[in-house]
Amino acid sequence: MQDDNNISEFKAKDQNIIENKVLNFSEALIPVVFLMALLFYNIIFADGELLGEYSNQFILLIGGVIAAAVGFFKKVSIHRMGSEIWENLKSVFVPIIILFLVGALSGTWLVSGVIPAMVYYGLEVLSPEIFLPASVIIAAVISIATGSSWTTSATVGIALVGIGTALGINPGMIAGAVISGAYFGDKMSPLSDTTNLAPAMAGTDLFTHIKYMSITTVPTIIITLIVFSILSFSITTSGSADVSSLLNTINTTFNITPWLFLVPLAVIGLILLKTKPLIALSSGVLLAAVFAFIFQPDILNGLGDSKLSSIIISIFTDTQITTSNEKLNDLFSSGGMKGMLWTIYLIICAMVFGGIMDGIGALSRITSALLSVATSVFGLFASTVLSCLGLNAIASDQYLAIVIPGKMFKKAFEDKGLAPENLSRTLEDSGTVTSVLIPWNTCGAYQSGVLGVGVGEYLFYAIFNWLSPFTTLFFAALNLKIRQLKSKK
């Protein structure tokens, strides 16, 4: 058990994986096999709608029912399974609150003009001579601001592919640059659901996770930028990169001013001062609301009956700011707290499934088998990476590639004296970013469809995405920045 002084805000209590000597490995795999089969069918044959919008959540619950049936067969009490479910749910109470605050933050940052300002100044740096590295940077900035690689690709990504293609640049290169930047921002943004999900599964807090993840993520994006800079020198462009219409639309819709950057800078400052995430994010919401009254009165007047009601709408529910440019309309929308419900439901259902698997002793059996070949620290990291890659391919969903390995390997990292941020970083380095490299994964299918570039075309150029797992393994092999637990009871 981890020392109390090092227990994360992201959990109320450490979870022990329960052993069950009666349960054999084949029986422990039964719920997992059914889960993977249903998820595979849902993605490949039902377009993710087998059981409606919340298919993955229902499938996790079905997996939990099957696990409970195995438990009953092995004489595991309902009380034990229920207790583990309850402990799991308690452990994600704070992450759920933070996810709600993230939704509120995205809404208020939109109506205050913070996100539009980031987009505006990001597009201004675009130049034909450095188009590819600039595309990486622009996508990264916008993804950090929105917390969504999908939104980034569907808006500015489409524009960049169109502009770059007009310049005569290989669409695969452009898509690779956009995806590299978008997933860097997605990983590093506190607004991202996967960035919240990974530390929740591993048992660390959001900002410790982001800080520790930067150790591998920053070198990877630097290498990515260097490669794209070299590629830019090796290609010939023609035409001009005209983003004036996008800039003009943003400028006429919002009151764009550098003063708006005080809001994210204040949140960053609070984070650097080691303020609790709940306080830092709440401050970001309140400050953005004040800035919305000051700088965007016309936006607020157009969204609700009063300025105050518009702020409340942006915090709790859907907000859509319509512009004269259709490419920007999707970007300038937010679901507020309501938009976080899908991820929150997924976390709750995953905790139910994981709790029952814990209660019947299945996770102990499976983890023991997986870790039998991971006798070293590097072997543990490698097993985690392979598990994430495998689940991205088998389950076709990046969330499950984070949730399941996170639950399975959490105790193993602790047993080897490794701090939970090691696991959360590895989950993101191998689970989040590689999902887009698999054509039948939800992320691969989405990005390919939105950008109009096949996965096979951008696969090699999505440098950040395929390089990230190698970077995390490189650090593990050399024992670089592998944080230990402060003490053990």
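Up top you'll find the structure we're talking about.
In short, a report on the structure. Within every chain, residues take consecutive numbers counted from 1 along the sequence as written. This being a predicted model, a pLDDT of at least 70 is required before a residue's local features are given, and a value of 80 or more before pairs of side-chain atoms are given or counted; all residues contribute to the totals for chains, interfaces and linings. Think of the side-chain values as coming from all heavy atoms in the structure, minus any hydrogens and water.

### Considerations on helix 22 (residues 442-451)
Where helix 22 is concerned, the buried positions are Cys443, Gly444, Gln447 and Leu451. For helix 22, the angular spread of buried residues about the axis comes to 100°, placing them on one side. Only protein chains enter the area calculation, which uses a 1.4 Å probe; residues under 20% of their type maximum are buried, those over 50% are exposed, and those in between are partly exposed. Under the scheme used here, helices are H or I runs from DSSP no shorter than 4 residues and strands are E runs no shorter than 2 residues, and both carry numbers assigned from the N terminus. Here, the arc refers to the directions that run from the helix axis to the C-beta atoms.

### Comments concerning the packing of aromatic side chains
Think of it this way: a Phe, Tyr or Trp ring, Trp meaning its six-membered ring, pairs with another when their centres are within 6.5 Å, and the plane angle makes it stacked under 30 degrees, edge-to-face over 60, tilted otherwise. For the coordinates displayed, the defined rule picks out 14 aromatic pairs. On the numbers, 6.4 Å between centres and 75° between planes, the contact of Phe40 with Phe45 is edge-to-face. Residue Phe45 is classed as exposed on the basis of its relative accessible area of 56%. Summarising the aromatic geometry, the rings of Phe254 and Phe332 are spaced 5.1 Å apart at their centres and angled 75° between planes, so their arrangement reads as edge-to-face.

### Observations regarding the nonpolar core
Generally speaking, nonpolar side chains in soluble globular proteins are found buried as a group. Only buried residues count toward a nonpolar core, which is a set of Ala, Val, Leu, Ile, Met, Phe, Trp, Tyr and Cys residues joined through side-chain atoms within 4.5 Å. Core analysis: the biggest nonpolar cluster contains 144 residues, and Trp109, Leu132, Met201 and Ile250 have the highest contact counts within it. Any two residues whose heavy atoms approach within 4.5 Å at even a single point are treated as in contact. Trp109 has contacts with Val114, Ile115, Pro116, Met118, Ala145, Val263, Pro264, Val267, Gly284 and Ala288, leaving out every residue within four places of it along the chain.

### Describing the packing of helix 9 (residues 193-202) against helix 20 (residues 398-415)
As a rule, the C-alpha atoms of each element are fitted with a line to give its axis, helices using only the stretch in contact, and angles between N-to-C directions run from 0 to 180 degrees. Two elements in contact, helix 9 and helix 20, have axes separated by 8 Å at closest approach and are oriented at 15°. Viewed along their axes, helix 9 and helix 20 adopt a mutual orientation that is roughly parallel. Crossing handedness for the pair helix 9 and helix 20: right-handed. For the pair helix 9 and helix 20, the contacting residues are Asp193, Thr194, Leu197, Ala198, Met201 and Ala202 in the first and Gln398, Tyr399, Ile402, Val403, Gly406 and Lys410 in the second. Following the grouping adopted for this structure description, the nonpolar residues are Ala, Val, Leu, Ile, Met, Phe, Trp, Tyr, Cys and Pro, the charged ones are Asp, Glu, Lys and Arg, and the polar ones are all others, Gly among them. Here the residues of the contact of helix 9 with helix 20 are counted per class, giving seven nonpolar, three polar and two charged. The cut-offs work like this: below 35 degrees is roughly parallel, past 145 is roughly antiparallel, 65 to 115 is roughly perpendicular, and the gaps in between are oblique. Throughout, a crossing is termed right-handed when the near helix is turned clockwise from the far one, and left-handed when it is turned anticlockwise from it by less than a right angle.

### Examining the side chain of Ser468
Considering the arrangement of structural elements, one finds Ser468 in helix 24 (residues 463-477). Residues in contact with Ser468, not counting those within four places in the same chain, are Lys187, Thr220, Asp429 and Val433.

### Quick word on the pattern of salt bridges
The rule for a salt bridge is simple: a side-chain nitrogen of Lys or Arg has to be within 4 Å of a carboxyl oxygen of Asp or Glu. One pass over the structure, following the stated rule, counts seven salt bridges. Residue Glu27 pairs with Lys74 through a salt bridge whose shortest N-O separation is 3.1 Å. With Glu27 in helix 1 (residues 25-44) and Lys74 in the loop between helix 2 (55-73) and helix 3 (78-91), this pair connects stretches of sequence that are 47 residues apart. Across the pair, Lys74 and Glu27 agree in class, each one buried.

### Some words on unusual backbone geometry
Of note, Lys75 is a non-glycine position whose phi angle comes to about 65°, a positive value. Among the structural elements, Lys75 can be located in the loop between helix 2 and helix 3. Positive phi, close to 50°, is recorded for Lys481, a residue that is not glycine. For Lys481, the location among the structural elements is in the segment after helix 24. For Lys481, a relative accessible area of 54% translates into the label exposed.

### So, helix 20
Spanning 18 residues, helix 20 covers 26 Å between terminal C-alpha atoms, matching the ideal 26 Å at 1.5 Å per step. Take the seven residues that end at a residue and the seven that start at it, fit an axis to each, and the angle between those axes is the bend at that residue. A maximum bend of about 40° is found in helix 20 at Phe409. When you tally the buried positions in helix 20, you get 16 out of 18 residues, the bulk of the element. Positive phi appears at Gly417, one or two residues downstream of helix 20, with a value of about 75°. In this analysis, the expected span of each helix is defined as 1.5 Å times one less than the number of residues it contains.

### Things to note about the environment of Gln447
For Gln447, the location among the structural elements is in helix 22. Gln447 gets classed as buried once you look at its relative accessible area, which sits at 0%. Along the backbone, Gln447 and Lys416 are 31 residues apart, and their C-alpha atoms lie at a distance of 38 Å. The residues touching Gln447, leaving out its near neighbours within four places in the chain, are Ser149, Trp150, Ser153, Ile179, Tyr183, Val436, Gly452 and Tyr458. Two N or O atoms form a polar contact when they lie within 3.5 Å of each other; inside protein one atom must be a possible hydrogen donor and the other a possible acceptor, and for residues adjacent in sequence the pair counts only when both atoms belong to side chains. A distance of 2.6 Å separates the side chain of Gln447 from the side chain of Ser153, its partner in a polar contact.

### Section: a nonpolar patch on the surface
Patches were defined on residues exceeding 30% relative accessible area and lacking a salt bridge, with like-charge contacts within 9 Å and nonpolar side-chain contacts (Val, Leu, Ile, Met, Phe, Trp, Tyr) within 5 Å. For the area figures, the Shrake-Rupley method with a 1.4 Å probe applies, and any residue is considered shielded solely by the protein chains shown. A contiguous nonpolar patch, built from Phe40, Tyr41, Ile44, Phe45, Leu50, Leu51, Phe58, Leu61, Ile62 and Trp440 and spanning about 890 Å² of accessible area, is present on the exposed surface. Those elements giving two or more residues to the nonpolar patch turn out to be helix 1 and helix 2. Turning to its location among the elements, Leu51 is positioned in the loop between helix 1 and helix 2.

### Looking at the packing of helix 10 (residues 206-234) against helix 21 (residues 420-432)
Contact geometry of helix 10 with helix 21 gives a least axis separation of 9 Å together with a crossing angle of 60°. When the axis of helix 10 is compared with that of helix 21, the two are oblique. Between helix 10 and helix 21 the crossing geometry is right-handed. Note on element contacts: helix 21 touches helix 10 through Glu421, Asn422, Ser424, Arg425, Glu428 and Asp429, opposite Thr208, His209, Tyr212, Met213, Ile215, Thr216 and Thr217.

### So, the side chain of Asp429
Inspection of the secondary structure assignment puts Asp429 in helix 21. Assessed through its relative accessible area of 1%, Asp429 is described here as buried. Among the polar contacts made by the side chain of Asp429, one reaches the side chain of Thr472 at a distance of 3.2 Å. Among all residues touching Asp429, those that are not within four sequence positions of it are Lys187, Met213, Thr216, Thr217, Ser468, Pro469 and Thr472.

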